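Structural overview for review
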Amino acid sequence: MLAPRLKANGRAFAQIAQFLPDLVALRRDLHAHPELGFEEVYTAGRVAEALKVCGADEVHTGIGKTGVVGVIRGRDTASGRMVGLRADMDALAMAEHNDFPWRSCKAGLMHGCGHDGHTAMLVGAARYLAETRNFNGTAVLVFQPGEEGFAGARHMIEDGLFERFPVEAVYAMHNWPALKPGTIGINPGAMMAAADRLTIEITGRGGHGAHPHLAVDPVVVAAHIITAVQSIVSRNVRPIDEAVISLCGIQAGDLHAMSVIPGSATLVGTVRTFDSEVQALVERRLSELCSAVALGLGATATVKYERIYPATINTSDEANFAADVAESLVGPEHVVRDLEPSMGAEDFSFMLQTKPGAYLRIGQGGEGNSFLHNSRYDFNDDILPLGSALHASLVEQSMPLSN
């Protein structure tokens, strides 16, 4: 029998550890069958089946297109309380370069961020909670589609998630290779940045490379804009605030036409911020600066600024509570209460804009090529029972039974 390599305190961990082989089998099956956002038909089916088998009181499918929600009532529900737990289910459009038996069977698709593990951990929590029901209230388990750029959390909310299941708080966690297995990280404020998409369209006048004085070269304009934009963070954003502007792509001209000055150029990139005022400042300065630089060189530039995901901001009370729950499992020496925020983004932010809650990181270790979104990444199955126990303990300690 597969035995857990990590240890943690409490009845939840001990009981969940007994069915670790089932969680590993589920996780690896999901890894082998990755699906993109809103295409998680197989994954959602496996989740719905698992929830029914483990005895969930209600299983709802098709929320936010392919989302699944399981409802488990405690031994007592007189408190009227309701707490939500969320896991993301989707994979990435990337090729996998692993060679283990459970590698992706779909070309160009891969679970490169560990959502297969997140889903398995929440299924493990569901099984334990349905077996024990050691709480006073209702647990709502949210299996969300489309986190990787599709805003699946927003779609579930717009589809009535919190009207149908009015939780008082919602929690989520993400594996983090930079933390050792058995370590849990959180902070009472920003965990992830807002992610915005930036598109700069530059219009000049095409011509012959041998006669540039008759043209307005958008490639030159793009080069000046790329350089000028670097001054926004260093000279407009306060040093104590945080922002990142990265122009990550440029398209202009034809590589087979060495002497043709194109008529236009396009730059694309991303902006990351934590504070809404900083976000607005960066957006305004980008528009002003790009337009002015282009005008000074005889061209025009338009900026399309799209706000994709807001910042993921934990509410203080729920973050501190989640840290306390984590300490009860692994001890204070294995809980980081002031975890450094990441400039990555997460659409759980939409849920935290609607409900109090907290987003945690659960360490899974790994070195070099095993970081998130790497073609050789794989979820560390050793942390499955700890993640499940943490989910379950958030429910039990949020809504304890009366003595």
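Residues numbered from 1 in each chain as written. Predicted model: local features only at pLDDT ≥ 70, side-chain atom pairs only at ≥ 80, totals over all residues. Heavy atoms only, no water.

Of regular secondary structure, the protein chain possesses 11 helices and 16 strands. The C-alpha atoms of the protein chain give a radius of gyration of 24 Å, which matches the 22 Å a tight globule of 403 residues would have. For the protein chain, the spread of C-alpha atoms along the principal axes amounts to about 85 × 45 × 40 Å. Split into buried and exposed, the 403 residues of the protein chain put 56% on the buried side. (Helix = DSSP H or I, 4+ residues; strand = E, 2+ residues; numbered from the N terminus. Rg over C-alpha atoms; globule rule 2.2 N^0.38 Å. Buried < 20%, exposed > 50% of the residue type's maximum accessible area, 1.4 Å probe, protein only.)

It is worth spelling out the environment of S402 at this point. Tracing the backbone shows S402 in the segment after α11 (384–398). Under the relative-accessibility criterion, S402 is labelled exposed at 67%. Expressed as a C-alpha distance, the spacing of S402 and L360, which sit 42 residues apart in the sequence, is 28 Å.

Looking now at the pattern of salt bridges. Inspection of the entire model under this criterion finds 23 salt bridges. Its salt-bridge partner being R5, residue D382 comes within 3.3 Å of it at the nearest N-O pair. Taken together, the residues span a long stretch of sequence, with D382 in the loop between β16 (357–363) and α11 and R5 in the segment before α1 (11–17) at a distance of 377 residues. Residue class for R5 comes out exposed when judged on its relative accessible area of 68%. Measuring nitrogen to oxygen at the nearest pair gives 3.0 Å for the salt bridge that ties R86 to D347. Taken as a pair, R86 in strand β3 (residues 82–88) and D347 in the loop between β15 (335–336) and α10 (348–354) lie far apart in primary sequence, 261 residues in all. The exposure class assigned to R86 is buried, which follows from its relative accessible area of 1%. Judged by its relative accessible area of 0%, D347 is buried. Here the salt bridges share partners, and the residues they tie into one network are R27, R28, D116, D378 and D381. (Salt bridge = Lys/Arg side-chain N within 4 Å of Asp/Glu carboxyl O.)

The UniProt entry lists C113, H115, E148, H174 and H373 under the feature "binding site: Mn(2+)" (unreviewed entry), expressed in the numbering used here. The named residues occupy 261 residues along the chain; their greatest pairwise C-alpha distance, 13.2 Å, places them in one compact cluster. For H115, the location among the structural elements is in helix α4 (residues 115–132). The buried category is assigned to H115, whose relative accessible area is 0%. Residues within four places of H115 in sequence aside, it is in contact with D88, M89, D90, E147, E148 and H174. Leaving out residues up to four positions away in the same chain, H174 has contacts with D88, C113, H115, H118, E346, Y359, L360, R361, I362 and L372. (UniProt positions renumbered as here; feature names shortened; annotations may be inferred. Contact = heavy atoms within 4.5 Å.)

Ranked by size, the top nonpolar core spans 97 residues in total, and within it V69, F143, M351 and L390 carry the most contacts. Of all the elements, α4 adds the most residues to this core, at nine residues. In contact with L390, not counting residues within four places along its chain, are M173, I184, V325, A326, L329 and L360. The next biggest cluster of nonpolar side chains, apart from the first, holds 25 residues, and it includes L198, I225, V293 and A294. (Core = buried A, V, L, I, M, F, W, Y, C linked by side-chain atoms within 4.5 Å.)

Each assigned domain of the protein chain is listed with its residue range as follows: domain 1 (11–192 + 311–398) and domain 2 (194–309). Taking only C-alpha atoms into account, the centre of domain 1 sits 38 Å from that of domain 2. Contacts between the two partners involve 19 residues from domain 1, matched on the other side by 10 residues from domain 2. Per-residue buried area on domain 1 facing domain 2 is highest for A311, M343 and A345; these three make up 57% of the total on that side. (Domains from an automatic or database assignment. Buried area = accessible area lost by both parts, 1.4 Å probe.)

In a regular helix each residue adds 1.5 Å, so 18 residues correspond to 26 Å; α4 covers 26 Å between its end C-alpha atoms and thus fits that length. Counting buried positions along α4 gives 16 out of 18 residues, so the element sits mostly inside the fold. Where α4 terminates, the next one or two residues include R133, which has phi positive at roughly 50°. (Expected span 1.5 Å × (residues − 1).)

What follows deals with the environment of F19. Tracing the backbone shows F19 in the loop between α1 and α2 (20–32). Its relative accessible area of 4% is what places F19 among the buried residues. Put simply, F19 and P4 are 15 residues apart on the chain and 9.8 Å apart in space, counted from C-alpha to C-alpha. Filtering out sequence-adjacent residues up to four positions away, F19 remains in contact with G124, R127, Y128 and E131.

Counting across every chain of the model gives six aromatic pairs. Centroid distance F38 to F150: 5.8 Å. Interplanar angle 75°. Geometry classified as edge-to-face. Note that F38 is positioned in the loop between α2 and α3 (41–54) and F150 in the loop between β4 (138–144) and α5 (152–158), a separation of 112 residues in sequence. Judged by relative accessible area, which is 18%, F38 ranks as buried. Ring geometry for F100 versus W102: centroids 4.5 Å apart, planes at 15°, classification stacked. Each member of the pair, F100 as well as W102, is classed as buried. Here R28 stacks its cationic end above the ring of W102, 3.7 Å away from the centre of that ring. Its end group placed over the ring of F19, R127 keeps NZ or CZ at 4.0 Å from the ring centre. (Phe/Tyr/Trp six-rings, centres within 6.5 Å; stacked < 30°, edge-to-face > 60°. Lys NZ or Arg CZ within 6 Å of the ring centre and 35° of its normal.)

Per-chain confidence: the protein chain averages 97 in pLDDT, with 98% of residues scoring 70 or above. Of all secondary-structure elements in the protein chain, the lowest mean pLDDT belongs to α1, at 97, while β4 reaches the highest, 99. (pLDDT = per-residue confidence, 0-100.)

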